[in-house]
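The primary structure of each chain is shown beneath.
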Amino acid sequence: MSGSAVAMTKAMVVTEPRGPLHPSVAETTSPTGTWVRVSVTASGVCNADIATVAATGVGTSFPVTAGHEVAGVIAELGERVEGWSVGDRVAVGWFGGSCGHCAFCRAGDVVHCPERKVPGLSYPGGWAQSITVPVDALARIPDELDQFEAAPFGCAGVTTFNAVRKAGTHAGGRVAVFGLGGLGHLAVQFAAKLGYETVAIARGGDREKAARDLGAHHYIDSTAQAPGAALKELGGADLIVYTASSTAAVDELLTGLNVHGQLTLIGFDAGSVTVPAARLVMNGHTVTGHLTGSARETEEAMWFAVTNGVRPMIERMPLKQAGEAVTRLRSGAPRFRIVLDTADGE
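Let us look at the structure shown here. (Residues numbered from 1 in each chain as written. Predicted model: local features only at pLDDT ≥ 70, side-chain atom pairs only at ≥ 80, totals over all residues. Heavy atoms only, no water.)

## Observations regarding the overall build of the chain
Moving on, step 1. Scanning the chain from terminus to terminus reveals 11 helices and 15 strands.
Moving on, step 2. Here the chain has a C-alpha radius of gyration of 20 Å; the compact-globule value for 346 residues is 20 Å, and the two agree.
Moving on, step 3. Dimensions of the chain, computed from the C-alpha atoms along their principal axes, are close to 65 × 40 × 40 Å.
Moving on, step 4. Within the chain, contacts between residues at least 6 apart in sequence are counted, and of these 66% link residues at least 24 apart.
Moving on, step 5. Looking at the chain as shown, the accessible area adds up to about 14700 Å², and 52% of this sits on carbon and sulfur atoms.
Moving on, step 6. Each charge class in the chain was averaged separately, 27 positive and 33 negative side chains, and the resulting centres sit 2 Å apart. (Helix = DSSP H or I, 4+ residues; strand = E, 2+ residues; numbered from the N terminus. Rg over C-alpha atoms; globule rule 2.2 N^0.38 Å. Contact = heavy atoms within 4.5 Å. Areas by Shrake-Rupley, 256 points an atom, 1.4 Å probe, with all protein chains shown as cover. Lys, Arg positive; Asp, Glu negative; His and termini not counted. Charge placed at Lys NZ, Arg CZ, Asp CG, Glu CD.)

## Remarks on the side chain of Arg337
Moving on, step 1. As for its position among the elements, Arg337 is in strand 15 (residues 337-341).
Moving on, step 2. In this structure Arg337 comes out as buried when scored by relative accessible area, which is 4%.
Moving on, step 3. Here the side chain of Arg337 touches Glu69 through a polar contact of 2.6 Å, side chain to side chain.
Moving on, step 4. Excluding its chain neighbours within four sequence positions, the residues that come into contact with Arg337 are Val45, Cys46, Glu69, Pro152, Cys155, Ala156, Gly182, Leu183, Met313, Ile314 and Glu315. (Buried < 20%, exposed > 50% of the residue type's maximum accessible area, 1.4 Å probe, protein only. Polar contact = N/O pair within 3.5 Å; in protein donor to acceptor, adjacent residues only side chain to side chain.)

## A look at the pattern of salt bridges
Moving on, step 1. Counting across every chain of the model gives 14 salt bridges.
Moving on, step 2. The closest approach of N and O atoms between Arg279 and Asp251, which form a salt bridge, is 3.3 Å. Of the two residues, Arg279 is situated in helix 9 (residues 277-283) and Asp251 in helix 8 (residues 250-253); the sequence distance between them amounts to 28 residues. (Salt bridge = Lys/Arg side-chain N within 4 Å of Asp/Glu carboxyl O.)

## Points about the packing of aromatic side chains
Moving on, step 1. Enumeration over the complete set of coordinates arrives at 5 aromatic pairs.
Moving on, step 2. Judged by centre distance (4.7 Å) and plane angle (20°), the rings of Phe178 and Tyr242 are stacked. With a gap of 64 residues between them, Phe178 in strand 8 (residues 174-178) and Tyr242 in strand 11 (residues 237-242) connect regions that are remote in the sequence. With respect to burial, Phe178 and Tyr242 carry one shared label: buried. (Phe/Tyr/Trp six-rings, centres within 6.5 Å; stacked < 30°, edge-to-face > 60°.)

## Comments concerning empty space enclosed by the protein
Empty pockets left among the atoms are what a rolling probe the size of a water molecule brings to light.
Moving on, step 1. Tallied over the full model, the rule gives 1 cavity of 30 Å³ or more.
Moving on, step 2. Every residue lining the largest cavity is listed: Ala91, Val92, Gly93, Trp94, Phe95, Ala137, Ala139, Gly154, Gly293, Ser294, Ala295 and Thr298.
Moving on, step 3. Sorting the residues of the lining of the largest cavity by element identifies strand 5 (89-92) and helix 10 (295-308) as the ones contributing at least two each.
Moving on, step 4. Here the residues of the lining of the largest cavity are counted per class, giving 7 nonpolar, 5 polar and no charged. (1 Å grid on protein atoms, 1.4 Å probe; cavity = no way out; pocket = protein on both sides within 12 Å on 5 of 7 lines; lining within 4 Å. Points joined across faces, edges and corners; volume = space filled by probe spheres on them. Nonpolar A, V, L, I, M, F, W, Y, C, P; charged D, E, K, R; others polar.)

## A few points about helix 5 (residues 184-193)
Moving on, step 1. In terms of residue burial, helix 5 counts as a mostly covered element, since 9 of its 10 residues are buried.
Moving on, step 2. Looking at helix 5, one finds that the buried residues are Gly184, His185, Leu186, Ala187, Val188, Gln189, Phe190, Ala191 and Ala192.
Moving on, step 3. For helix 5, the elements touching its buried residues are helix 4 (156-165), strand 8, strand 9 (197-202), helix 6 (208-213), strand 11 and helix 10.
Moving on, step 4. Immediately beyond the C-terminal end of helix 5, within one or two residues, lies Gly195, with a positive phi of roughly 95°.

## Focus: the packing of helix 4 against helix 5
Moving on, step 1. It is the contact of helix 4 with helix 5, at a shortest axis distance of 9 Å, that shows an interaxial angle of 40°. Here helix 4 lies oblique to helix 5, going by the angle between them. Considering how the two elements wind past one another, helix 4 and helix 5 form a crossing that is right-handed. Of helix 5, the residues touching helix 4 (which contributes Ala156, Gly157, Thr160, Phe161 and Val164) are Leu186, Ala187, Phe190 and Ala191.
Moving on, step 2. Here the contact of helix 4 with helix 5 is built from residues that sort into 7 nonpolar, 2 polar and no charged. (Axes fitted to C-alpha atoms, helices over the stretch in contact; angles between N-to-C directions. Parallel < 35°, antiparallel > 145°, perpendicular 65-115°, else oblique. Left-handed = near helix turned anticlockwise from the far one by under 90°.)

## Thoughts on unusual backbone geometry
For residues that are not glycine, phi is negative in most cases, and the peptide bond is trans in most cases.
Moving on, step 1. With omega at 0°, the peptide bond leading from Phe62 into Pro63 counts as cis.
Moving on, step 2. The residue Pro63 is located in the loop between helix 1 (47-54) and strand 4 (70-77) in this model.
Moving on, step 3. In this model, His260 sits at a positive phi of 65°, which is unusual for a non-glycine residue.
Moving on, step 4. Residue placement: His260 occurs in strand 12 (residues 257-265).
Moving on, step 5. You can call His260 exposed: its relative accessible area is 65%.

## A word on the layout of surface pockets
Moving on, step 1. Its boundaries defined by the atoms lining it, the largest pocket holds a volume of some 1300 Å³.
Moving on, step 2. In terms of lining, the largest pocket is formed by 48 residues, of which the most central are Asn47, Thr243, Ala244, Ser245 and Gly267.
Moving on, step 3. Secondary-structure elements contributing two or more residues to the lining of the largest pocket are helix 1, strand 9 and helix 11 (322-331).
Moving on, step 4. No other element matches helix 1, which puts 5 residues into the lining of the largest pocket.
Moving on, step 5. Partitioned by chemical class, the residues of the lining of the largest pocket number 24 nonpolar, 16 polar and 8 charged.
Moving on, step 6. Of the volumes computed, that of the second largest pocket is approximately 600 Å³.
Moving on, step 7. Lining the second largest pocket are 32 residues, with Pro63, Thr65, Tyr123, Pro124 and Gly125 positioned closest to its centre.
Moving on, step 8. When the residues that make up the lining of the second largest pocket are grouped by side-chain class, the tally is 14 nonpolar, 15 polar and 3 charged.

Structure representation (structure tokens):
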């Protein structure tokens, strides 16, 4: 182990269901076995964190510390950790560790491990100055990537990167991204940099310039025209990456999908998706969901970003304003990802 000195760490926690976020100070404990303690520099704020801080889940253990888009440096190593060193720059995402022995893990599909861990849910998350995680949750941050830019890659970055690159869209195909928020603004960049004709779909004409600056070749204002019909006028999409938090628009959007096209849901709510069976069968459509990516895939997303100039657009806020960050996120105000700065945790 790399040292056992006791230190204090600050965090933003919830201590009761639907309670406020408030600061907390606790002693850090040294990791054991194959766990690692990371000194957190930056921690992203994701839509999924809204449910985490509500703290209404069955069996919720208090206090709750949210945060699953973490970037920092290794502070301490458990005695069985190999291949990592104190001071390594690392990211931790929605994938926070797996069992390593189930059928999914053995097939390399660790994100569907039935024992998969999620920071903030399985153990205290990253809205803190320190987080302790299983070593298999760690992704190395490239030297060329700032830690505040790296943090969102643990969830938003790897999720959108995988959704685009794993769809199997043919070279030169047309990819539409529905929603231009924390997920969508990265999906647009990845689609464009991967060589696809990219269509951004969002609410209002005021987002067109941002969409085109991110690499979109076309922009559709979903408040001015039905997006599926507008996509069809453009020649149809081979892939639609659906990043919006409401699934209400899926049915109409499918009218703009080409034969053998695919719609991949990465944004969703508690609702259901209704797909006309005849349209699905006659056009050979695929409607699928995509969750996230492994630590290795997070590294690949970051390497691709460094090589191709993909970066999250972030708003930086101090850790102590985590509550305000959640409020802004609920209102849809951020452009496009909030990242908490733990150095401002006073």
